[in-house]
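Here are the chains, one letter per residue:
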Amino acid sequence: MEITGSIKEVRRQVKEWKKQGLSVGLVPTMGYLHEGHKSLIDRAVKENDRVVVSDFVNPIQFGVNEDLSTYPRDIEADKKLCEAAGADLIFHPTPEEMYAADFSTYVEMQKVSEGLCGKSRPTHFRGVCTVVNKLFNIVMPDRAYFGEKDAQQLAVIRRMVRDLNIDIDIVGCPIVRESDGLAKSSRNTYLNEAERKAALVLSKAVFAGKKMMEEGERDAEKILSAMRGIIEAEPLARIDYVEMVDADSIAPLERAEGRVLTAMAVYIGKTRLIDNFIMEI
Ligand code: AMP
């Protein structure tokens, strides 16, 4: 397995693979890799001849008061995980390699990126779309892998690929959880012992909402208020949002119908965590 920070080197390598008729999968990440990321890499290794993992904390997707400077990083551990999972190349650029000092072109999306996380993080998806577009243009993969953990991000990427006629298959992968239910996240490392316990209210609310829908409840407000109740009972938790939307358009739903995304962002202390479930009805 190779690791490089050079766009030129990634292009050279991928061109060589393509010349040999090999298919290429891309797994975009911000590093500090865990089992959730690994599940994407595993799937990519199964479905492609060669796999590139990008490992880049993308500054332009962080708001001014967000955790860019404290976001956890451990490239040595990431290398080990990628190597063991069978990835072929890690792309680990510096911010300067990705963004010229006079960088001035952004991919901006309406609607799909405006609700849920877009409300409290108004420049986030502009940063995500821009960097993913750049990664697509650098790697030119056949397929790219994204987690359903970030369900709105997945919807945004699918919409961008459709709208801009990008010839890459987008593959969504299920949420990987800790044994007690907490969705795996690089940000879980911010939690102290009490917060780690408190963070269980997210998955508890997810499981409760899912059960209500499985038992036939369709009224969004009934489901959401039961979920909110579980979260509000935890003193360390503060809700950013708990909402039910169409999983593709991210438009709010009053009734659970179609492909339904029930998603939440909750602060546990200072750490903002997200979780969700998708159900087809
Ligand atoms: P990140 O490094 O947090 O930007 O995540 C990189 C990719 O891994 C994104 O597509 C995430 O949705 C995905 N991912 C992160 N955590 C999980 C998880 N617990 N289960 C599945 N996918 C995940």
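Please read these numbers as outputs of a predicted model, since none were measured by experiment.

A. Layout of helix α3 (residues 75-85). Within α3 the residues assigned to the buried category are D78, L81, C82 and A85. Taken down its axis, α3 places every buried residue within 95° of arc, on the same side. Turned more than 90 degrees away from the buried face of α3 sit K80 and A84, all of them exposed. Against the buried residues of α3 lie α2 (35-47), β3 (50-55) and β4 (89-91).

B. Local environment of the sheet that holds strand β8 (residues 259-268). Reading across the sheet, the 3 strands line up as β7-β8-β9 and stay open at both edges, with antiparallel pairing between neighbours. Sheet topology places β7 (237-246) and β9 (271-280) at the edges, where each strand pairs with a single neighbour. Strand-to-strand, the axes of this sheet are offset by a mean angle of 15°, without reference to chain direction. In terms of strand pairing, β8 meets β9 through 10 bridges, oriented antiparallel. Counterpart to R259 in the pairing with β9 is E280. Contacting β7, β8 and β9, helix α9 (residues 200-214) runs over the sheet at an angle of about 15° to β9.

C. Expanded view of unusual backbone geometry. The backbone of K111 shows a phi angle near 55°, a positive value even though the residue is not glycine. Checked against the element boundaries, K111 lands in the loop between α4 (95-98) and α5 (117-120). Of note, N165 is a non-glycine position whose phi angle comes to about 55°, a positive value. Here N165 is to be found in the loop between α7 (151-163) and β6 (169-173).

D. Molecular detail of the nonpolar core. Ranked by size, the top nonpolar core spans 46 residues in total, and within it M98, F136, I157 and I170 carry the most contacts. For this core, the secondary structure elements donating two or more residues are α1 (7-19), β2 (24-29), β4, α6 (124-139), β5 (143-147), α7, β7 and β8. Here this core gets 9 residues from one element, more than from any other, and that element is α6. Grouped together as the second largest cluster of nonpolar side chains are 26 residues, A205, V206, M213 and I223 included.

Basis of the calculations
Within every chain, residues take consecutive numbers counted from 1 along the sequence as written. This being a predicted model, a pLDDT of at least 70 is required before a residue's local features are given, and a value of 80 or more before pairs of side-chain atoms are given or counted; all residues contribute to the totals for chains, interfaces and linings. Remark: hydrogens and water are excluded; side-chain values derive from all non-hydrogen atoms of the structure. Only protein chains enter the accessibility calculation, which uses a 1.4 Å probe; a residue is then buried when its area is under 20% of its type maximum, exposed when over 50%, and partly exposed in between. Numbered from the N terminus, helices here are DSSP runs of H or I no shorter than four residues, and strands are runs of E no shorter than two. Read the arc as the range of directions from the helix axis to the C-beta atoms. A contact between two residues is defined here by any heavy atoms of the two lying within 4.5 Å. In this description, strands pair whenever DSSP reports at least two bridges between them. Lines fitted to the C-alpha atoms define the axes, with helices restricted to the stretch that makes contact. Angles between their N-to-C directions range from 0 to 180 degrees. Here, the term nonpolar core denotes a set of buried Ala, Val, Leu, Ile, Met, Phe, Trp, Tyr and Cys residues that are joined through side-chain atoms within 4.5 Å.

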